[in-house]
Amino acid sequence: MTDTLVVEESVDRVVVTLSRPDVRNAIDQQMVTELHQVCAELEADPRILLLTGSGGTFAAGADIAQLRERRRDDALRGINSGLFDRIRRLPMPTIALVEGYALGGGAELAYACDFRVGTPTARIGNPEPGLGILAAAGGTWRLVELVGEPVAKEILLAGRVLDADEAHALRLLNEVVEPDDLLAAGHRWADRIAKQAPLAVRLTKSVFHAPREAHPVIDDLAQAVLFETTDKHDRMTAFLERRKEKK
Ligand code: COA
């Protein structure tokens, strides 16, 4: 438990709950600092991250009270964009559990995750231009990668907020479940991930996000590392022996 987060750790995963329910989990500087601490732990000891909100909301964006006072140099520090990029680069997959609003920086935090599971109340959008700013922490590029230009422009330029069905149809939400099943659904995705070889998952995630020019060399290098692991040999041997037993 920190000032703004509830953190529950286990061997292969960490569940982090954004915990400023009185302000709809608005992301303030303290929460950014504490999420960086979580990132540091996950970089040192790679595990799956499940990220959720408290009080029926994922996060209603950056804290507008702080945002109003920020000036040029604050923007140049990339407070949210730097954090969300760090989250995107975490070694193991990340899963956002989106109940209720994921707006502005809250939406961009969810976009930075590898998976998003929502509830029927999920509402996802980027109202930044309505506040006189732009969605500078992934909205203008990561959202486009996720949903394509037409929908991204509806959200970014015309203030469209997607409901759960729309987000699911676009696979911006991988799955929609009832609120009392949300955490369990997140764990089911984490269980699927945890069944894979951890290093293979890590390297697949990094290679997936490598720039086009790095392929296929980076794929071959990562494969070379994996070909040398005992885990690969054991998993393939187990497969071949299971088949032999069946005969
Ligand atoms: N920053 C700071 N405070 C926020 C906030 C934010 N992003 N979002 C909500 N809050 C605060 C409200 O000021 C309010 O505080 P109060 O109780 O002291 O008045 C409290 O959280 C509850 O918000 P409220 O608007 O009453 O809740 P709601 O359930 O009616 O509406 C939202 C929820 C998310 C639709 C609405 O709060 C909202 O539009 N928030 C801002 C979203 C936004 O523009 N985000 C982009 C920021 S870049």
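Structural data are supplied above this passage.
Below is a short write-up of the structure.

What counts and how
- Residues numbered from 1 in each chain as written.
- Predicted model: local features only at pLDDT ≥ 70, side-chain atom pairs only at ≥ 80, totals over all residues.
- Heavy atoms only, no water.
- Helix = DSSP H or I, 4+ residues; strand = E, 2+ residues; numbered from the N terminus.
- Rg over C-alpha atoms; globule rule 2.2 N^0.38 Å.
- Buried < 20%, exposed > 50% of the residue type's maximum accessible area, 1.4 Å probe, protein only.
- Arc of directions from axis to C-beta.
- Contact = heavy atoms within 4.5 Å.
- Disulfide = S-S within 2.5 Å.
- Pairing = 2+ DSSP bridges.
- Axes fitted to C-alpha atoms, helices over the stretch in contact; angles between N-to-C directions.
- Near = heavy atom within 4 Å.
- Polar contact = N/O pair within 3.5 Å; in protein donor to acceptor, adjacent residues only side chain to side chain.
- Nonpolar A, V, L, I, M, F, W, Y, C, P; charged D, E, K, R; others polar.
- Phe/Tyr/Trp six-rings, centres within 6.5 Å; stacked < 30°, edge-to-face > 60°.
- Lys NZ or Arg CZ within 6 Å of the ring centre and 35° of its normal.

**What about the overall build of the chain?**
Line of reasoning, step 1. Counting secondary structure elements, the chain contains 12 helices and nine strands.
Line of reasoning, step 2. Relative to the 2.2 N^0.38 estimate, which gives 18 Å for 247 residues, the radius of gyration of the chain is 19 Å and therefore close to what a compact globule would have.
Line of reasoning, step 3. Reported as C-alpha extents along the three principal axes, the dimensions of the chain are approximately 65 × 45 × 35 Å.
Line of reasoning, step 4. The burial tally for the chain puts 42% of its 247 residues in the buried class.

**Observations regarding helix α7 (residues 149-158)**
Line of reasoning, step 1. Buried residues of α7: Val151, Ala152, Ile155 and Leu156, and no others. Taken end-on, α7 shows its buried residues confined to a sector of 120 degrees, consistent with a single buried face. For α7, the exposed residues lying more than 90 degrees away from the buried face are Pro150, Leu157 and Ala158.
Line of reasoning, step 2. Contacts made by the buried residues of α7 are with β7 (123-125), α6 (142-147) and β8 (162-163).

**Side note on the state of the cysteines**
Line of reasoning, step 1. Counted by the stated rule, this structure contains zero disulfides.
Line of reasoning, step 2. With no disulfide of its own, Cys39 lies 9.7 Å from the sulfur of Cys113, the closest cysteine sulfur.
Line of reasoning, step 3. The exposure class of Cys39 is buried, given its relative accessible area of 2%.
Line of reasoning, step 4. Under the relative-accessibility criterion, Cys113 is labelled buried at 1%.

**Description of unusual backbone geometry**
Line of reasoning, step 1. Cis geometry is found at the peptide bond from His215 to Pro216, where omega equals 0 degrees.
Line of reasoning, step 2. Among the secondary structure elements, Pro216 is positioned in the loop between α10 (198-208) and α11 (217-227).
Line of reasoning, step 3. In this structure, Arg24 takes a positive phi of about 55 degrees despite not being glycine.
Line of reasoning, step 4. Among the residues examined, Arg24 registers a relative accessible area of 48% and is labelled partly exposed.

**Re the sheet that holds strand β5 (residues 101-103)**
Line of reasoning, step 1. Taken in spatial order, the three strands line up as β5-β7-β8 in an open sheet, and their pairing is mixed. The strands lining the two open edges of the sheet, one partner per strand, are β5 and β8.
Line of reasoning, step 2. Bridge count between β5 and β7: three bridges; the pairing is parallel. Its bridge partner being in β7, Ala102 is matched across the sheet by Ile124.
Line of reasoning, step 3. In the packing of helix α5 (residues 105-112) onto the sheet, the strands contacted are β5 and β7, and the crossing angle to β5 comes to about 90 degrees.

**Brief notes about the site of the ligand**
Line of reasoning, step 1. Around the ligand lies a shell of 15 residues, among which Val23, Arg24, Ala60, Ala62 and Ile64 are the nearest.
Line of reasoning, step 2. Backbone polar atom of Asp22 to an oxygen atom of the ligand: 3.3 Å apart, as the coordinates give it.
Line of reasoning, step 3. Elements with a contribution of two residues or more to the shell around the ligand: α2 (64-69) and β5.
Line of reasoning, step 4. Of the residues in the shell around the ligand, the class split is 10 nonpolar, one polar and four charged.

**Looking at the packing of aromatic side chains**
Line of reasoning, step 1. Applying the stated criterion to the full structure yields one aromatic pair.
Line of reasoning, step 2. Relative to Trp189, the ring of Phe115 lies with its centre 5.3 Å away and its plane at 35 degrees, an arrangement referred to as tilted. Here Phe115, found in strand β6 (residues 115-118), pairs with Trp189, found in helix α9 (residues 182-195); they are 74 residues apart in sequence, far enough to count as distant.
Line of reasoning, step 3. Judged by relative accessible area, which is 22%, Trp189 ranks as partly exposed.
Line of reasoning, step 4. Directly above the aromatic system of Trp189 lies the positively charged group of Arg192, at a separation of 5.8 Å from the ring centroid.
Line of reasoning, step 5. Geometry around Phe227 places Lys232 over its ring, the cationic atom sitting 4.6 Å from the centre.

**Description of the pairing of strand β4 (residues 94-98)**
Line of reasoning, step 1. Where burial is concerned, most of β4 is hidden: five out of the five residues are buried.
Line of reasoning, step 2. Taking every second residue as pointing to the same face, both faces of β4 are buried, with Thr94, Ala96 and Val98 on one and Ile95 and Leu97 on the other.
Line of reasoning, step 3. Where β4 lies against β6, four bridges are found, and the strand directions are parallel. Pairing of Val98 across the sheet is with Gly118, part of β6.

Note that every value here comes from positions in space, so none of it alone points to a role or purpose.
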